[in-house]
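Residue-level listing of the chains:
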Amino acid sequence: MGIRKLNSIFKPKRIALIGVPADLNTVGGLTLRNLVGGGFMGVVYPVNPKYEAVLGISCFPSVKSLPKTPDLAVITTNASAVPGIVEECGQAGIKGIIIMSAGFKEVGAEGKELENKVKHIVKKYQMRVIGPNCLGIIVPGQKLNISFANSMPNKGSVAFISQSGALCTAVLDWAMEENIGFSYFVSIGNTMDVGFGDLIDYFGQDANTKSIVLYVESISFAQEFVTAARAFARKKPIIVYKAGRFPESAKAAASHTGAMASEDAIYDALFRRAGIARVYNLGNIFDFTDFVGKKKIPKGANLAIVTNAGGPGVMATDSLIARGGQLCKLSEETMQKLNASLPSYWSHNNPVDVLGDANPARVAKATEIVLNDPEVDAVMVILTPQAMTKPTDTAKAIIELAESTSKPILATWLGGKSMRESMNLFSGSGIAAYRTPEQAVRAFMTLVNYSKNMEALYETPKEVPVSFHYDRQTLREKFVNEVFPKQKFLSLADAKSLINSYGIESTKPILVNSADDAVSEAFRMGFPVVLKIDSPDAPHKSEIGGVVLNIENEEMLRAAYHSMIEKVNKMVPGINITGVTVQKMIDTNDSVELILGVKKDPIFGTVILIGMGGTEAELMRDQRLEFPPLNERLASQMIESLKIYPMLKGYRGSAPKNIDKLIEVMIRLSYLAADYPEIEELDINPIIVTADDVVALDARVVIDEETLKNPVLQYSHLILRPYPERYIKKTILGDGTATLLRPIKPEDEPLWLEMLGSCSKEAIYSRFRYNFHFDSHEVATQFCYIDYARELAIVAEVEEDGRRKLIGVGRLIGDPDYELVEYAILVTDAWQRKDLGKILTEYCVDIARQNKFKKVFAETTKDNKAMIAVFKKLGFKVEFDEDTNVSVFKDL
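Everything quoted here is computed from the prediction, not taken from an experiment. (Residues numbered from 1 in each chain as written. Predicted model: local features only at pLDDT ≥ 70, side-chain atom pairs only at ≥ 80, totals over all residues. Heavy atoms only, no water.)

1. Quick look at the side chain of Asp-206
Next, step 1: Tracing the sequence through the fold places Asp-206 in the loop between helix H6 (196-204) and strand E12 (211-216).
Next, step 2: Buried within the structure, Asp-206 lacks any salt-bridge partner; its nearest side chain of opposite charge belongs to Lys-11, at an N-O separation of 5.4 Å.
Next, step 3: Within polar-contact distance, the side chain of Asp-206 engages the side chain of Thr-209 at 2.8 Å.
Next, step 4: Ignoring anything within four residues of it in the chain, the contact list for Asp-206 reads Ser-183, Tyr-184 and Lys-236. (Helix = DSSP H or I, 4+ residues; strand = E, 2+ residues; numbered from the N terminus. Buried < 20%, exposed > 50% of the residue type's maximum accessible area, 1.4 Å probe, protein only. Lys, Arg positive; Asp, Glu negative; His and termini not counted. Salt bridge = Lys/Arg side-chain N within 4 Å of Asp/Glu carboxyl O. Polar contact = N/O pair within 3.5 Å; in protein donor to acceptor, adjacent residues only side chain to side chain. Contact = heavy atoms within 4.5 Å.)

Written out as structure tokens, the structure reads:
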């Protein structure tokens, strides 16, 4: 439903408050008092048939009796009355609703049924709803307080969204004391309709909101959440605190991957992939928000500390090192300057102790010298209230200094009453201020890690050529129709056949049903061999004695065969044994055992896992989760995050392992995960990584029988849209040149930069309508690293002298409501007047139509006559303004 319709909730002119009682100390009464007393300039209609007036305002008996249709209805009645009231609101044409009433899904099955009834009515009338079971909303800039909180917070630039109403009241109280202001303050309750994703989209487009803070208990609409967050995370920092980190979520898992992919690990992967900063202490949220709001991001973790007391400097250092930061080693030049400016008995090191008798000028000068050291990424200034200290004057000197540097300064003014004026000064300046060194360090390191994650997220991946021996669609039809229906737990042979089909090498198991057959196969493949029980009832074979390794001769094999079957039958009475597999024993000396896996989560869809493998995988939990699709950079980051990574690089004389091959295998597994929503869990454990190769020794696949019976839309099991291969198309230009049209991908960054570098200033201006400076990685990632759910760029690729080359690009950017899509096009000068502009535009318009957008629009300049002619030819409506701009529209 529409993001634009949220205006009826956050920018209402008329509000109906339904269920307001005469008692002003109730939810409805407090909300009315806040609305009227807060300064709301619109109209408020109290609705309650029992009263003539409440708080001196005329009361109306029903929604139908209101003189004009409200933009927003606020419901505070008993839960049982809510469905009827929502129906009445829908009939009246009200588009926004806040349901404060409790008694819905949070109380059990009966409440959930009631909530579903309301959902049905909301969908019928296409309304937007916040709640139920919520505190309400506050918009300080509009003096709009639709809540039963005790106070109106200050106006600010932070949008705060919380699932907990009780936490909201505590945060409001704390924010008042800390002088923190909000652009929006929203309690979303049960998120029956409006969720985090909707609000990130809405606040992301709001000019008054500079950062977004989330208190998350659970996320219901995962795809909407991650798509919205990825759209705005680079422009507006999003900070999250996730409550409930340790639920018992893996108890029913049928594989190692299922057990290891806990709920919190999935949330961690989600926040990381979306570019969201996660904090693990509620108090850190606004420490970090205050710091990041100053718009000065440190380039690294090198911190310098200037202090007028040694003890707090040591405290800051301890906290910094404990959190993975670095105390910067000051350059010789910096040391000489400090020696010249400070008394001879200063600390002569970092932390820079300027001594207890330091006046404001000395503190400021030392800070300035340290800031100018090229190795310093940020400076923390610590001041304690000593007899000679002038905290306010020192604060003013540091504030003045901050205006002339791009590096962040963190102020830590220890104390209470004597420091209050200084803290107020910092609050209105470009400096984040804290009451303790630990508090400041936490904020600094959160920002450092956030900055690293954002940088890593948009690193340009290398091209990894991945080809398949079979057509993946034909392969899919075979497995879905012939193999998956056999049983929920695929046999070892079928599981390995599946991964082999995607180019993942494995040992080849041979199924036998007698010791004699096992001996024959062992002599054929050569000793030593491995025996494994084959049974759909044995998810972890080794735990029931169903694996025997390193069998070196016939005598050992016969004994192992009979004893294994006897032991398994004893461990699991009644087990269905379908046979025993024989496979060649692989030499695992000087190799690393890993686990690769796939799990389909009911909320977040399919995730991919890598970790330390073997039978101890669940115990060690050295793992990393990510959402498919994977590219080279993401796969590398997953590998590098493991504690076992040094073993892969070559540890203490062991040979470096084939990490490039491992990355290729992970990308292949990513394709497999994307192609099969029917896979509930998949384990490759162990997978052996040697200096030369990567080989799977065991594989287990669990089928989601419900999805097999009731097929789902392609890629609906993925939270992130994979590379849209269906839009790859061959075409011929007007001069006969064979050209490939395809979606852009992150690996295209060098080609994209080369393409723009070949364009004239006029061509660049016609596309961007200003002198666009494109030649940087930061800019290029915005155009090459895109979310295919919201944006699509079709590049035109040709081959010249054996080299691939981009000669044009058409870009579609859709709004969150899938109503309007913006189009822009660039064709390099050398390839203009060859029909490329028409071909790209026609194809992009067709793609917009396929994706159900209602209208496409574009803007250009009056002197871009060639493209204006193309737009006219393709049926666009062209409008000229009084300046040099031209707007074109086309209904789809």
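2. Points about the packing of helix H22 (residues 632-640) against helix H24 (residues 659-675)
Pairs of packed helices are described in terms of their axes, by the angle between the two and the distance that separates them.
Next, step 1: H24 packs onto H22 with a crossing angle of 115 degrees between their chain directions and a minimal axis gap of 9 Å. In this structure, H22 meets H24 at a crossing whose hand is right-handed. Judged by residue contacts, Glu-632, Ala-635, Ser-636, Met-638 and Ile-639 of H22 engage Ile-659, Leu-662, Ile-663, Met-666 and Ile-667 from H24.
Next, step 2: Class assignment of the residues belonging to the contact of H22 with H24 gives a composition of 8 nonpolar, 1 polar and 1 charged. (Axes fitted to C-alpha atoms, helices over the stretch in contact; angles between N-to-C directions. Left-handed = near helix turned anticlockwise from the far one by under 90°. Nonpolar A, V, L, I, M, F, W, Y, C, P; charged D, E, K, R; others polar.)

3. Concerning the pattern of salt bridges
Opposite charge on two side chains makes pairing possible when the charged atoms of those side chains draw close.
Next, step 1: Following the criterion strictly, the structure yields 40 salt bridges and no others.
Next, step 2: In this structure, the salt-bridge partner of Glu-678 is Arg-476, at a minimum N-O distance of 2.7 Å. Taken together, the residues Glu-678 in the loop between H24 and strand E28 (679-689) and Arg-476 in helix H17 (residues 472-483) connect sequence positions 202 residues apart.
Next, step 3: The buried category is assigned to Glu-678, whose relative accessible area is 3%.
Next, step 4: The residue Arg-558 makes a salt bridge to Asp-516 at a minimum N-O spacing of 2.8 Å. Taken together, the positions of Arg-558 in helix H20 (residues 554-571) and Asp-516 in helix H19 (residues 515-525) put the pair 42 residues apart, joining distant regions of the chain.
Next, step 5: Under the relative-accessibility criterion, Asp-516 is labelled partly exposed at 46%.
Next, step 6: Three or more residues joined by partner-sharing salt bridges are found here, namely Asp-264, Asp-268, Arg-272, Arg-273, Arg-278, Arg-624 and Glu-626.

4. Some remarks on the confidence of the model for the protein chain
Next, step 1: Residues with a pLDDT of 70 or more make up 96% of the protein chain, whose mean pLDDT is 89.
Next, step 2: Within the model, pLDDT remains below 50 along residues 248-254, and this stretch shows 13 contacts once partners closer than five positions in the same chain are excluded. (pLDDT = per-residue confidence, 0-100.)

5. Observations regarding the sheet that holds strand E22 (residues 529-534)
Next, step 1: Judged by pairing direction, the sheet is antiparallel, and its 4 strands sit side by side in the order E21-E24-E22-E23 without closing on themselves. Strand pairing shows two members of the sheet lacking a second neighbour, strand E21 (510-512) and strand E23 (547-551), which therefore form its edges. Between one strand axis and the next, the sheet turns by 25 degrees as a mean value, whatever way the strands run.
Next, step 2: Of the pairings in the sheet, the one linking E22 to E23 comprises 3 bridges and is antiparallel in character. Across the sheet, the residue bridging to Leu-531 is Val-548, located in E23.
Next, step 3: Of the strands in this sheet, E21, E22 and strand E24 (579-584) are in contact with H19, which crosses E21 at around 155 degrees. (Pairing = 2+ DSSP bridges.)

6. A look at the packing of aromatic side chains
Next, step 1: Following the criterion strictly, the structure yields 32 aromatic pairs and no others.
Next, step 2: Ring geometry for Phe-182 and Phe-185: centres 5.0 Å apart, planes at 80 degrees, overall edge-to-face. Each of the two residues, Phe-182 as well as Phe-185, counts as buried.
Next, step 3: Ring centres of Tyr-823 and Phe-871 lie 6.4 Å apart, and the angle between their planes is 90 degrees; this geometry places the pair in the edge-to-face category. (Phe/Tyr/Trp six-rings, centres within 6.5 Å; stacked < 30°, edge-to-face > 60°.)

7. Focus on helix H29 (residues 836-850)
Next, step 1: Between its first and last C-alpha, H29 extends 21 Å over 15 residues, near the 21 Å set by a 1.5 Å rise per residue.
Next, step 2: All of the buried residues along H29 are Leu-836, Gly-837, Ile-839, Leu-840, Thr-841, Tyr-843, Cys-844, Val-845, Ile-847 and Ala-848.
Next, step 3: Once H29 ends, the next one or two residues include Lys-852, with phi positive near 70 degrees. (Expected span 1.5 Å × (residues − 1).)

8. Let's talk about unusual backbone geometry
Next, step 1: Across the junction of Asn-350 and Pro-351, the peptide omega takes the value 10 degrees, indicating a cis bond.
Next, step 2: Here Pro-351 lies in the loop between helix H12 (332-341) and strand E17 (352-353).
Next, step 3: Between Pro-628 and Pro-629 the backbone carries a cis peptide bond, its omega angle lying at 10 degrees.
Next, step 4: Tracing the chain through its elements places Pro-629 in the loop between strand E27 (623-626) and H22.
Next, step 5: Positive phi is not limited to glycine here, since Lys-143 has a value of about 55 degrees.
Next, step 6: Mapped onto the elements of the fold, Lys-143 is located in the loop between strand E8 (136-139) and strand E9 (144-147).

9. Quick look at the sheet that holds E9
Next, step 1: Strand order in this open sheet of 7 strands is E9-E8-E11-E10-E12-E13-E14, and the pairing throughout is mixed. Here the strands that pair on one side only, and so sit at the sheet edges, are E9 and strand E14 (277-279). Between one strand and the next, the sheet's axes are offset by a mean angle of 20 degrees, whatever the strand orientation.
Next, step 2: In the sheet, strand E10 (residues 154-162) pairs with strand E11 (residues 181-187) via 7 bridges, with the strands oriented parallel. Within the sheet, the bridge partner assigned to Ala-159 lies in E11 and is Tyr-184.
Next, step 3: The strands that helix H5 (residues 165-178) touches are E8, E10, E11 and E12; relative to E11, the one it contacts most, it runs at about 165 degrees.
Next, step 4: Contacting E10, E11, E12 and strand E13 (238-242), H6 runs over the sheet at an angle of about 165 degrees to E12.

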